[in-house]
Amino acid sequence: MMTVKKIKKGISGAVKFLTFRVLFCGIYRLHAAKPIQQDKVLFVEVREPSVSNSFRLLYQKIKKEGTYRIHTHYLRSGFVSRLEYLRRCTAMLKDLADAKYVFLNEGCNVIGSIPMRSETILTQTWHACGAFKRFGFSTAELKYGETAEEMRKYPYYGNTTYVTLSSPDIAWAYEEAMMLQDRRECFRATGVSRTDVFFQKRFLQAANAHFAQCVPFAGDRKVLLYAPTFRGHAKEAASPDKLDIQKLKQALGQDYVLVCKHHPFVSHPPVIPPDCADFAKDVTKELSIDELLCVSDICISDYSSLVFEYSLFEKPMLFYAYDLEDYFDWRGFYYDYHELAPGPVVRTNEELIEKIRELETCFDPQRIREFRQRFMASCDGKATERIMRMVFCSDES
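Residues numbered from 1 in each chain as written. Predicted model: local features only at pLDDT ≥ 70, side-chain atom pairs only at ≥ 80, totals over all residues. Heavy atoms only, no water.

*Asks:* Outline the overall build of the protein, listing residues and values.
*Replies:* Along the protein, the regular secondary structure elements total 15 helices and 12 strands. Since a compact globule built from 397 residues should have a radius of gyration of about 21 Å, the 22 Å found for the protein is in line with a globular shape. Projected onto the principal axes, the alpha-carbon positions of the protein cover approximately 65 × 60 × 35 Å. Within the protein, contacts between residues at least 6 apart in sequence are counted, and of these 74% link residues at least 24 apart. For the protein, the exposed area adds up to about 18600 Å²; of that, 51% sits on carbon and sulfur atoms. (Helix = DSSP H or I, 4+ residues; strand = E, 2+ residues; numbered from the N terminus. Rg over C-alpha atoms; globule rule 2.2 N^0.38 Å. Contact = heavy atoms within 4.5 Å. Areas by Shrake-Rupley, 256 points an atom, 1.4 Å probe, with all protein chains shown as cover.)

Structure (structure tokens):
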């Protein structure tokens, strides 16, 4: 006899097939009968509610030039009701059908599964640098990912024209994750647009001024940035809560301040103890991660790809990976974690404090430089210009 679980799975599969292969494809085909609008550019955010830093410089540059008409769509996958998500996807597909240019910064099976017309250029800028934790097809059959069969049936990276990379050395990981091994010409080591701000003197000055305004008690003390990635799936994302802020204050409070930046998907981050208000602050809603990377003296993370961007500053990093085995089982990595990490890996608060103190006298930037060259070689402050030439001059070449 068929179990209730199998019946539910069958119904769910049928609904998804009708939604993706009948409804979405039908809407797109109907509106794709119109001529391509050569000056139409779509920016599609899958989960974010506004234009994120992955797109911001490209968006601003295209808007400033005034040559193209920009349309934006915010699908809010996992953050709105199914009916509202369906409505947003439908509106996006109608708009996409006659667009010449499309920008994405993460996987989107709605766009990846439609029979997109060949004239449209879809550029995947991706929202991270380097290749750290697995994503896309690399997570098939893991706890984090879907089944391989499901990913093949409804591909997240189908119809891709270009994928921008922070370095040529990581192309193999993206080819695997996006199931584009037979289309290696898609992958271009242009650099990542969002990293251009780190080479702009004006942005660096503004970041320091904004930090001083938000964290006035910092004074002359050094800045410890704690920026972990989230645990679980995006819609129920949680932040790790093992950092003992009171212990850090007791040991390091005279010389350091601590600022915490939690992932934007986290709804309920750990609370800073009241007696640590002169030492630590959660600046998640006040300061961008790009600003914080500029102003911090030491970055403490775990499995976040922000360490690639931070390597551009050639400053010390620490990896607080108390749940390494669990995270590996959940999502996995592209490289051996201990070999990849360009700084000490610690498991406890005591080890963390010890390593911070050691960095005051024993920091050697050479390991960071090698890490930067391997994973960020194409990020030199001119990525946005290269991406613009690649996308908008492709028809002329």
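Moving on, there is more to tell.
*Asks:* I'd like a description of a nonpolar patch on the surface, backed by residues and values.
*Replies:* Together, I7, I11 and V15 give the surface a local cluster of nonpolar side chains, amounting to about 260 Å² of exposed area. For I11, a relative accessible area of 51% corresponds to the exposed category. (Patch = residues over 30% accessible without salt bridge, like charges linked within 9 Å, V, L, I, M, F, W, Y side chains within 5 Å. Salt bridge = Lys/Arg side-chain N within 4 Å of Asp/Glu carboxyl O. Buried < 20%, exposed > 50% of the residue type's maximum accessible area, 1.4 Å probe, protein only.)

*Asks:* Explain the side chain of T123 to me, and be specific about the residues and the numbers.
*Replies:* Take T123: it is sitting in strand β4 (residues 121-124). Ignoring sequence-local partners within four residues, the contact set of T123 consists of V102, F103, L104, Y162, T164, M390 and V391.

*Asks:* Lay out the sheet that holds β4 with the relevant residues and their values.
*Replies:* A sheet is described by the order of its strands in space; here six strands give the open sequence β2-β1-β3-β4-β5-β6, paired in parallel fashion. Looking along the sheet, the strands with just one partner apiece sit at the ends: β2 (69-74) and β6 (187-188). In this sheet, strand β3 (residues 99-104) lies alongside strand β1 (residues 37-45) in parallel orientation, the contact comprising five bridges. By the bridge assignment, V41 is partnered in β3 with Y101. Here helix α15 (residues 383-392) sits on the sheet and contacts β1, β3, β4, β5 (162-164) and β6; the angle it forms with β3, its principal contact strand, is near 145°. (Pairing = 2+ DSSP bridges. Axes fitted to C-alpha atoms, helices over the stretch in contact; angles between N-to-C directions.)

*Asks:* Before we move on, could you go through the environment of R372 and cite the residues and values that matter?
*Replies:* Locating R372 in the fold gives a position in helix α14 (residues 366-375). The exposure class of R372 is partly exposed, given its relative accessible area of 22%. C-alpha separation for the pair R372 and L312, spaced 60 residues apart in sequence, amounts to 6.4 Å. Aside from chain neighbours lying at most four places away, what touches R372 is F199, S311, L312, E314 and A377. For R372, the side chain forms a polar contact with the main-chain oxygen of L312, separated by 3.0 Å. (Polar contact = N/O pair within 3.5 Å; in protein donor to acceptor, adjacent residues only side chain to side chain.)

*Asks:* With reference to specific residues and values, describe the nonpolar core.
*Replies:* One finds Y174, M178 and F211 to be the most contacted residues of the largest nonpolar core, which totals 65 residues. For this core, the element with the most residues is helix α9 (residues 289-295), which contributes five residues. Among all residues touching Y174, those that are not within four sequence positions of it are W126, A128, C129, G130, A131, F135, V163, L165 and F187. By size, the runner-up hydrophobic cluster in this structure holds 25 residues, among which are C89, M92, V102 and I111. (Core = buried A, V, L, I, M, F, W, Y, C linked by side-chain atoms within 4.5 Å.)

*Asks:* Tell me about the packing of aromatic side chains, and please be specific about residues and values.
*Replies:* Summed over the entire model, instances satisfying the criterion amount to 36 aromatic pairs. Here F198 and F313 contribute two aromatic rings whose centre-to-centre distance is 5.3 Å and whose plane-to-plane angle is 70°, an arrangement assigned as edge-to-face. One end of the pair, F198, is in the loop between β6 and α7 (201-214); the other, F313, is in the loop between α10 (306-310) and β11 (317-320), with 115 residues separating them in the sequence. Plain terms: the ring middles of F319 and Y337 are 6.2 Å apart, the flat faces sit at 90° to each other, and that makes the pair edge-to-face. Taken together, the positions of F319 in strand β11 and Y337 in helix α12 (residues 337-340) put the pair 18 residues apart, joining distant regions of the chain. For F319, a relative accessible area of 0% gives the class buried. Under the relative-accessibility criterion, Y337 is labelled buried at 4%. When the ring centre of F20 is taken as reference, the NZ or CZ atom of K16 above it lies at 5.7 Å. Here the guanidinium or amino end of R331 rests over the ring plane of Y144, the centre of that ring lying 4.1 Å away. (Phe/Tyr/Trp six-rings, centres within 6.5 Å; stacked < 30°, edge-to-face > 60°. Lys NZ or Arg CZ within 6 Å of the ring centre and 35° of its normal.)

*Asks:* Which residues make up the pattern of salt bridges, and what values do they have?
*Replies:* Applying the stated criterion to the full structure yields 24 salt bridges. Counted as one network, the salt bridges with shared partners bring together K34, K40, D95 and D98.

*Asks:* Which residues make up the packing of helix α1 (residues 4-31) against helix α3 (residues 82-96), and what values do they have?
*Replies:* Look at α1 against α3: their axes get within 8 Å of each other, and the N-to-C directions meet at 35°. Crossing angle aside, the handedness with which α1 passes α3 is right-handed. On the side of α1, the interface is formed by T19, L23, F24, I27, Y28 and H31, while α3 contributes L86, C89, T90, L93, K94 and L96. In terms of residue class, the contact of α1 with α3 is built from eight nonpolar, three polar and one charged. (Left-handed = near helix turned anticlockwise from the far one by under 90°. Nonpolar A, V, L, I, M, F, W, Y, C, P; charged D, E, K, R; others polar.)

*Asks:* Any details on the layout of surface pockets? Residues and values, ideally.
*Replies:* What the second largest pocket holds in volume is close to 180 Å³. No other element matches helix α2 (residues 56-65), which puts three residues into the lining of the second largest pocket. Of the residues contributing to the lining of the second largest pocket, the split by class is three nonpolar, four polar and three charged. (1 Å grid on protein atoms, 1.4 Å probe; cavity = no way out; pocket = protein on both sides within 12 Å on 5 of 7 lines; lining within 4 Å. Points joined across faces, edges and corners; volume = space filled by probe spheres on them.)

*Asks:* Can you explain the state of the cysteines? Please cite residues and give values.
*Replies:* Applying the stated rule across the entire model yields zero disulfides. Between C260, a cysteine without a disulfide, and C276, which holds the nearest cysteine sulfur, the sulfur-to-sulfur distance is 10 Å. (Disulfide = S-S within 2.5 Å.)

*Asks:* I'd like a description of the packing of helix α8 (residues 245-252) against helix α13 (residues 349-362), backed by residues and values.
*Replies:* Across the interface, α8 lies against α13 with an axial gap of 10 Å and an inter-helix angle of 30°. In terms of orientation, α8 and α13 fall into the roughly parallel class. Remark: the crossing between α8 and α13 carries right-handed chirality. Of the residues in α13, those in contact with K247, L248, A251 and L252 of α8 are N349, E350, L352, I353, I356 and R357. Residue composition of the contact of α8 with α13, by class: six nonpolar, one polar and three charged. (Parallel < 35°, antiparallel > 145°, perpendicular 65-115°, else oblique.)

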